Amino acid sequence: MTRVAARGAALLALALITLAFLGPFLWVVLASLQPGANLTAQPTFEFSLVNFRAVMNWETIYLPVLNSIAISGGTALVTVLVAGLAAYPLSRYKLRYKRHFMLTLLFTTGLPVTAIMVPVYSMFFRFNLYGSVPAMVLFLAASSLPFAIWMMKNFMDGVPVSLEEAAWVDGAGWVQSLARVVLPLMAPGVAVVAIFVFVAQWGNFFVPFVLLDTPEKQPAAVTIYTFFSQYGQVAYGELAAFSIIYTAPAVLLYVAVNKYLAGSFSFAGSVKG
Amino acid sequence: MTVTTATPSRLAGSPRGGEPRRRRGRTLRWLVPLAPALVLLVIFMAGPILWSVYISFTNETLTGAASVNSRFIGVDNFVKMFGDEDFRNSFVLTFVFVIGSAVIGQNTLGLMIALLQRGRGRVTRSVVNGVVVAAWVVPEVVAAACWFAFLSEEGTLNKLLGGFGVSQEWLFTAPMIAVILANVWRGTAFSMLVYSAALSDVPGDLLEAASVDGATTWRRFLHVTLPLIRRSILSNLMLITLQTLAAFGLIYALTGGGPGTASQTTPLYMYEQAFRYFEIGYGSAMALVLLVIGGLFSLVYLRMIKVDA
């Protein structure tokens, strides 16, 4: 095969793959803009924002999205605080069981969270925590911690200890040193961890579906499922509009951290701690 | 590892503290900042795992007499599980789902896209990357909605195939293929990104040298690239297997496990037993099986990568 032909074949293959990946997106984009849309991505020349206007009300969008923000934001906040504290001794001190601890955390990141939902539900039920949003946020934070501590520690390792020494000379303890010197210097890292946790929880469907009791507490992931599982009586245009509004923040935040995440894919090959 | 300097000036910094007090101070120094993380991990991660071990040996339910006082029933749940036709069905489907969507689908397609992208222009790369990654960033419920519309009777796929007379309700006629395709669509980006990173570490002059020696594209891939990215392939396979093993939302929202039990993988069967029939003990036994399988893969992954903590 000549070089030109090989190049052409590769481009053609890439074009086909790209089109195949675009296929399922077609409907959601078209249907959201067309009044009276059904399940077909059939372009008509009738475009309007009527679907978006129809879902812009308290029960459909505002409340579920606010719940999503509270749950994902709360989880991100707790995770970053706790992981930031935990990363400090792991990054700065020589500890006897540090390696074991870090390896155990890495091992935990591989365990399927879905599988522990039955015992978690049973525990929540026994301790009267079923339906409690704060309790669920603590659970979500705990499940995000192993990965968050790893990321935080890696970012913290990048802050030279010498910069802290000046603070110690001035009599600062580890708390001041962490809060005034280390964290500000690794602010981008903290933001990456926070956004990473936020986006992961934004899309989380199973945990709130199992642990929350009333529709008023549910985040958008669950509301959208309830919306479209009512087969037959769904306003598809509105479902598509809802999907787009709900997806947008996840996409925007992903774009924001894209640059930092790129490095973490060599993570799969070898992990540096 | 960049910095792991203990801070000698501070270690020696408590001049008149006796030996025990200094030791206590030293312990507190790492224990205090680690405590919140340890507490959360013990209560919400270790706790449920241990709890699942315990209740899978009881007849815990949420309704009926056993809900008040469940009792120890030994390995009955596990005996029941291995004799349960529906569980075996779910286990086989989970296996098919993992092999089909992760090991074959995402892994091969991800590697293929990464290879095809080598040496392409920036615009081509960003367009392809953008579209493939978009499918990955979309929340799973939205992904399910997209595929539901794509595959339904009056959906996009049937419209595209309209001329060929093969229109059908794909989610009923081929539910496993539907959920496998949807999961390939959603997860390929991860493998693609892993392989793009791995391929960028393959030295170009090695490939060039092979090419000068007259090696065809295929032989260059087989004898130069593949051995060099072997580790990445193995760890990618482990990671995507772990991510796929317990997939719930996508399948649940797309087919609900149906029609009948035709696409009911173990996580969905576990959900049905535990949350629809409130057989918590039985559900936990299944959860334990998933955890053990996940744990084994996670261990193999740990052995494979070079961790330096």
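Residues numbered from 1 in each chain as written. Chains lettered and ligands numbered in written order. Predicted model: local features only at pLDDT ≥ 70, side-chain atom pairs only at ≥ 80, totals over all residues. Heavy atoms only, no water.

Asks: Help me out: how do you make sense of the overall build of chain B in this one?
Replies: What chain B contains, in helices and strands, is 15 helices and one strand. Scored against the burial criterion, the 309 residues of chain B give a buried share of 51%. If you take every contact in chain B between residues at least 6 apart in sequence, the share linking residues at least 24 apart comes to 67%. Total accessible area on chain B stands at roughly 14400 Å², and carbon and sulfur atoms take up 65% of it. (Helix = DSSP H or I, 4+ residues; strand = E, 2+ residues; numbered from the N terminus. Buried < 20%, exposed > 50% of the residue type's maximum accessible area, 1.4 Å probe, protein only. Contact = heavy atoms within 4.5 Å. Areas by Shrake-Rupley, 256 points an atom, 1.4 Å probe, with all protein chains shown as cover.)

Asks: What am I meant to see in the packing of helix α3 (residues 76–83) of chain B against helix α4 (residues 85–117) of chain B here?
Replies: Packed helix pairs are characterised by how far apart their axes lie and by the angle those axes make with each other. Residue and element names in this part refer to chain B. Where α3 meets α4, the axes come as close as 5 Å, and the angle between the chain directions of the two elements is 70 degrees. What the angle tells us is that α3 and α4 run roughly perpendicular. For the pair α3 and α4, the contacting residues are Met 81, Phe 82 and Gly 83 in the first and Glu 85, Phe 87 and Arg 88 in the second. (Axes fitted to C-alpha atoms, helices over the stretch in contact; angles between N-to-C directions. Parallel < 35°, antiparallel > 145°, perpendicular 65-115°, else oblique.)

Asks: I would appreciate a short explanation of the pattern of salt bridges in the present structure.
Replies: Here the structure, examined in full by the defined rule, presents five salt bridges over all chains. The closest approach of N and O atoms between Glu 60 of chain B and Arg 126 of chain A, which form a salt bridge, is 2.7 Å. Linking Glu 60 of chain B in the loop between α2 (19–55) and α3 with Arg 126 of chain A in helix α5 (residues 117–126), this pair reaches from one chain into another. By relative accessible area, which is 6% here, Glu 60 of chain B ends up buried. The exposure class assigned to Arg 126 of chain A is partly exposed, which follows from its relative accessible area of 46%. Close ionic contact of Asp 157 of chain A with Lys 153 of chain A constitutes a salt bridge, the shortest N to O distance being 3.0 Å. Note that Asp 157 of chain A and Lys 153 of chain A are positioned in helix α6 (residues 133–157) at a spacing of four residues, about one turn of the helix. Neither residue differs from the other here; Asp 157 of chain A and Lys 153 of chain A are each classed as buried. (Salt bridge = Lys/Arg side-chain N within 4 Å of Asp/Glu carboxyl O.)

Asks: Hey, could you run me through the layout of surface pockets in this one?
Replies: In this approach, a probe sized like a water molecule rolls over the atoms, and the result shows the empty space that is left. Computed from the structure, the largest pocket encloses a volume of approximately 1200 Å³. Contributing to the lining of the largest pocket are 24 residues, with Ala 6 of chain A together with Leu 115, Arg 118, Thr 217 and Arg 220 of chain B lying nearest its centre. Put simply, the parts of the chain that give the lining of the largest pocket at least two residues each are α1 (3–33) of chain A together with α4, α10 (204–212) and α11 (217–228) of chain B. With six residues, the top contributor of residues to the lining of the largest pocket is α1 of chain A. Class assignment of the residues belonging to the lining of the largest pocket gives a composition of eleven nonpolar, seven polar and six charged. Quantified by volume, the second largest pocket comes out at close to 740 Å³. In terms of lining, the second largest pocket is formed by 34 residues, of which the most central are Tyr 254 of chain A together with Asn 129, Gly 130, Val 133 and Ala 134 of chain B. Looking at the lining of the second largest pocket, the elements that each hand over two or more residues are α1 and α12 (236–262) of chain A together with α4, α5 (122–137), α6 (140–151) and α9 (175–199) of chain B. (1 Å grid on protein atoms, 1.4 Å probe; cavity = no way out; pocket = protein on both sides within 12 Å on 5 of 7 lines; lining within 4 Å. Points joined across faces, edges and corners; volume = space filled by probe spheres on them. Nonpolar A, V, L, I, M, F, W, Y, C, P; charged D, E, K, R; others polar.)

Functional significance is not addressed by these values, which are geometric in nature.
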